[in-house]
Amino acid sequence: MKICCLGAGYVGGPTMAMIAAKCPDIKVTVADPNATRIAEWNSEELPVYEPGLYEIVREARGRNLFFSTDLDAAIREAEIIFVSVGTPTKKQGIGAGRAADLRYVESAARRIAAVAEGPKIIVEKSTIPVKTAEAIITILHANSKSGQFQVLSNPEFLAEGTAIEDLLAPDRVLIGGEETDGGKEAVERLVSIYARWIPRERILTTNLWSSELSKLVANAFLAQRISSINTISALCEATGADVDEVGNAIGKDSRIGPKFLKASVGFGGSCFQKDILNLAYLCQHFGLPEVSAYWESVVKINDWQKRRFAGRIVQELFNTVTGKRIAILGFAFKKDTNDTRETAAIAVCQDLLAEGAEVVVYDPKVREIDIRQDVLGNAVNDNLKVAGSAAEAAAGAHAIAVLTEWDEFKSIPYAEIYENMPKPAFIFDGRNILPHAELRKIGFRVYPIGKASRILRRRSDVE
Ligand code: UDX
Ligand code: UDX
């Protein structure tokens, strides 16, 4: 059996590597027109950083896992074609800023129609608006000679940084197909691949539309929890409640559950914002403006939380950061990834630069050119600097702000760092990972998310 995947990104690469590792008898080709990316996948320096990914790629690469720029050859020989190309938010035209830009999905469908000779199963892996399968089916049938296509929806639920674990033991695999004999047969073929390592009861099959919509809704619900706890973090800072204690207390209720209740400087990543805006746009399209506004508010609160964090830094540094050095520890949208898409660090750095601060960023995995591009675009600003270590970033800084929860930030020598900072020295912990009591003992003024900066005992302390 031969399968292929169009799109060698954060989703396509790891997913195909796992299938190849688990099914040595299936030839898996990942095809992408971006020659640099493909060369990186074929090298020792993979374009995606994920714990455990390199080991899996090394095991299967050249045996039954191949990375190639030859899309046509990959399409021609594969029975099952996964489509995992990007679906960014539209930048212009109808739905700009909210709707998904489906041009890459469409061009993948047109390519498949033009090249395919025999029957094919097309699997949507990219997250797309509901009813995209219909468009793909129409394009395929209108443009192909052979005409035997089945389109399935198989959304990916892996989270970056834990992609390998998530692929190895997912909570569920979701496969949607047409409710026809051909559709059911195609669903079963895909089920049989996942069933090699995933218990059958975790593989859910639904109709196409339920599958497409479930992906958007899962991400919207997850993001909503973070925005909800982030609103409470502001209330905690004002009242003396502690957001970790509140999160722990409510999370013990089995109806609420403990996960995704960590207050933060704001969620990032390629999916949450894009998918919620996409969901909101769909609601609008189907004549449901109230529902649309409801979900959009999850994104608005997230923007507010990022700006609130930067604002707190300015306020606590005596209402001015002009000419002050501020160390930013962590730039990726979460730990254990080099992905910076929609990371809260972008807004925080931009706000601080706008206030005239000298912003010095350190991240263990993100490259300097990506940091510059994300914060400045093509503009030049000498006030943005990138350091090679946390200590280097912090030397001479008035404040340290932790924006990503990298483990190494928990154990850097803060006492030494304190010596090299002007006083009072500030720490803003946007992830609540640092030992706050110890830092206070050293002399730092510590500002966690969702916790008062000092102990508020009496009502008069609050006011
Ligand atoms: C993508 C989608 O953006 C997301 O909606 C979905 O949930 C999973 O797939 P990701 O893998 O993180 O996410 O995107 P990215 O890392 O940008 O990879 C997309 C790849 O597709 C790139 O390597 C790009 O070169 C490739 N691509 C793009 C094609 O192969 N063909 C195209 O026409 C356009
Ligand atoms: C998410 C979904 O989890 C995954 O199922 C989907 O397929 C793609 O989108 P991902 O974006 O990789 O995955 O990361 P995730 O772990 O969900 O984190 C998203 C953002 O939320 C990060 O910035 C993270 O730091 C933040 N977050 C997460 C919080 O601020 N608090 C939390 O409690 C959890």
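This text goes with the structure placed above it.
Conventions we followed
Residues numbered from 1 in each chain as written. Chains lettered and ligands numbered in written order. Predicted model: local features only at pLDDT ≥ 70, side-chain atom pairs only at ≥ 80, totals over all residues. Heavy atoms only, no water. Near = heavy atom within 4 Å. Polar contact = N/O pair within 3.5 Å; in protein donor to acceptor, adjacent residues only side chain to side chain. Helix = DSSP H or I, 4+ residues; strand = E, 2+ residues; numbered from the N terminus. Phe/Tyr/Trp six-rings, centres within 6.5 Å; stacked < 30°, edge-to-face > 60°. Buried < 20%, exposed > 50% of the residue type's maximum accessible area, 1.4 Å probe, protein only. Lys NZ or Arg CZ within 6 Å of the ring centre and 35° of its normal. Contact = heavy atoms within 4.5 Å.

Caption draft 1: Quick look at the site of ligand 2. By nearness alone, 20 residues border ligand 2, and Phe-157, Glu-160, Ser-264, Phe-333 and Arg-431 come closest of all. At a separation of 2.7 Å, an oxygen atom of ligand 2 approaches a polar backbone atom of Phe-333. Lys-334 places a side-chain nitrogen or oxygen 2.7 Å from an oxygen atom of ligand 2. Per-element tally for the shell around ligand 2: the top contributor is helix H9 (residues 208–239), with 4 residues.

Caption draft 2: Quick peek at the packing of aromatic side chains. The full count for this structure, using the stated rule, is 13 aromatic pairs. Summarising the aromatic geometry, the rings of Tyr-294 and Trp-295 are spaced 5.1 Å apart at their centres and angled 80° between planes, so their arrangement reads as edge-to-face. On the accessibility criterion, Trp-295 (9% relative accessible area) is buried. With a centroid separation of 5.0 Å and 20° between ring planes, the pair formed by Phe-428 and Tyr-447 is classed as stacked. Of this pair, Phe-428 sits in strand S13 (residues 426–429) while Tyr-447 sits in strand S14 (residues 445–448), and the two are 19 residues apart along the sequence. Taken together, the ring pairs in this structure connect Phe-318, Phe-426, Phe-428 and Tyr-447 into an aromatic cluster. Over the aromatic face of Tyr-49 sits the side chain of Lys-365, whose NZ or CZ is 4.4 Å from the ring centroid. The ring centre of Tyr-418 lies 4.5 Å from the NZ or CZ of Lys-423, which sits over that ring.

Caption draft 3: Local environment of the environment of Asp-370. Residue position: Asp-370 is located in helix H14 (residues 368–376). The exposure class assigned to Asp-370 is partly exposed, which follows from its relative accessible area of 24%. Distance in space between the C-alpha atoms of Asp-370 and Glu-408 is 21 Å, their sequence separation being 38 residues.

Caption draft 4: Geometry of the environment of Val-115. Along the chain, Val-115 falls in helix H5 (residues 103–115). With 30 residues separating them along the chain, Val-115 and Lys-145 place their C-alpha atoms 9.2 Å apart. Beyond its immediate sequence surroundings of up to four residues, Val-115 is in contact with Asp-72, Ile-75 and Arg-76.

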